[in-house]
Amino acid sequence: NAGVTQTPKFQVLKTGQSMTLQCAQDMNHEYMSWYRQDPGMGLRLIHYSVGAGITDQGEVPNGYNVSRSTTEDFPLRLLSAAPSQTSVYFCASKDRSMNTEAFFGQGTRLTVV
Amino acid sequence: AQSVSQHNHHVILSEAASLELGCNYSYGGTVNLFWYVQYPGQHLQLLLKYFSGDPLVKGIKGFEAEFIKSKFSFNLRKPSVQWSDTAEYFCAVNAWNTDKLIFGTGTRLQVFP
């Protein structure tokens, strides 16, 4: 049981490049989300999804797109990377039942130069 | 909207000292509360959680937290810290009627031998 898997672990992009951060979970969780972690700011919610075909914005959605075509996958797209998007990105998933915890991936460290 | 405040940004302790990290949230309804820990270079791991019932909850590695509803607080405690507790600690809240998990800004704990 792999849990939540993120790829890649590290990535360097040039300003203006695009890329997709991958997230997959094998726990059949309906809820999936993306966070970015910056020093002194904790984890801030970028986008989330409550099921296939349903996505919504979190606290800091600008510059990021998401889609959810399957229950298992929730990719995060940067269409035109900016240095302000240098961060560590975490994907999380959880069951939508009332009393459940979220499970996190290992993170992707992204640097935009 | 729900929010979480962690007032201790950086805590430095000697081994065997007692620890208390503050967490306050703003949401008037029923909530689920969590503490996550992030060891250097690693992803987030669940330390403990509160859903309902006994307001004093025990987690892994000797940590405990107390939910005080009247104070909207969920403070983390450990009677005697160890060098291996050096990590960043995040409080998080999930309102009962939403799937979103909102994090505080985190507390960096350094424990010296």
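Bear in mind that the values here come from a model prediction, so they are computed numbers and not experimental data.

Before going further, it helps to examine the overall build of chain B. Along its length, chain B carries zero helices and twelve strands. Traced from its N-terminal end to its C-terminal end, chain B shows the element sequence β-β-β-β-β-β-β-β-β-β-β-β. Taking 2.2 N^0.38 as the reference for a compact globule, 113 residues should give roughly 13 Å; the C-alpha atoms of chain B span a radius of gyration of 13 Å, in line with that estimate. The principal-axis extent of the C-alpha atoms belonging to chain B is close to 45 × 30 × 20 Å. Sorting the 113 residues of chain B into buried and exposed places 50% on the buried side. For chain B, long-range pairs separated by at least 24 residues make up 55% of all intrachain contacts whose partners lie at least 6 apart in sequence. For chain B, the distance from the average site of its 9 positive side-chain charges to the average site of its 8 negative ones is 3 Å.

Moving on: the state of the cysteines. Residues and elements named next belong to chain A. Here the structure, examined in full by the defined rule, presents two disulfides over all chains. Disulfide pairing is shown between Cys23 and Cys91; the S-S distance is 1.8 Å. Looking along the S-S bond of the Cys23-Cys91 disulfide, the torsion reads about -70 degrees, which is the left-handed sense. With a gap of 68 residues between them, Cys23 in strand S3 (residues 19-25) and Cys91 in strand S9 (residues 87-94) connect regions that are remote in the sequence.

Pro8 of chain A follows Thr7 of chain A through a cis peptide bond whose omega is -5 degrees. Backbone geometry places Asn28 of chain A, a non-glycine residue, at a positive phi of 60 degrees. The residue Asn28 of chain A is located in the loop between S3 and strand S4 (31-38) in this model. The phi dihedral of Phe72 of chain B is positive, around 50 degrees, even though this residue is not glycine. Within the element layout of this structure, Phe72 of chain B appears in the loop between strand S8 (64-68) and strand S9 (73-78).

Turning to the environment of Gly107 of chain A, a few remarks are in order. For Gly107 of chain A, the location among the structural elements is in the loop between strand S10 (103-104) and strand S11 (108-112). When sequence neighbours within four positions are dropped, the list of residues in contact with Gly107 of chain A reads Gln6, Pro8, Lys9, Tyr89 and Phe90 of chain A.

A word on the pairing of strand S12 (residues 107-112) of chain B. All names here are of chain B. Examined bridge by bridge, strand S2 (residues 10-14) and S12 share five bridges and lie parallel to one another. By the bridge assignment, His10 is partnered in S12 with Arg108. When strand S10 (residues 87-95) meets S12, the two strands line up antiparallel, connected through three bridges. Opposite Glu88, over in S12, you have Arg108 as the bridge partner.

The next point concerns the side chain of His47 of chain A. Residues and elements named next belong to chain A. One can find His47 in strand S5 (residues 42-51). Within the structure, His47 has its side chain in polar contact with the backbone oxygen of Asp56 (distance 3.4 Å). Polar contacts involving the side chain of His47 include one to the main-chain carbonyl oxygen of Tyr64, which spans 3.0 Å. Setting aside residues up to four positions removed in sequence, His47 forms contacts with Ser33, Trp34, Asp56, Gln57, Gly58, Pro61, Tyr64, Asn65, Val66, Phe74 and Leu76.

Definitions and limits used
Residues numbered from 1 in each chain as written. Chains lettered and ligands numbered in written order. Predicted model: local features only at pLDDT ≥ 70, side-chain atom pairs only at ≥ 80, totals over all residues. Heavy atoms only, no water. Helix = DSSP H or I, 4+ residues; strand = E, 2+ residues; numbered from the N terminus. Rg over C-alpha atoms; globule rule 2.2 N^0.38 Å. Buried < 20%, exposed > 50% of the residue type's maximum accessible area, 1.4 Å probe, protein only. Contact = heavy atoms within 4.5 Å. Lys, Arg positive; Asp, Glu negative; His and termini not counted. Charge placed at Lys NZ, Arg CZ, Asp CG, Glu CD. Disulfide = S-S within 2.5 Å. Pairing = 2+ DSSP bridges. Polar contact = N/O pair within 3.5 Å; in protein donor to acceptor, adjacent residues only side chain to side chain.

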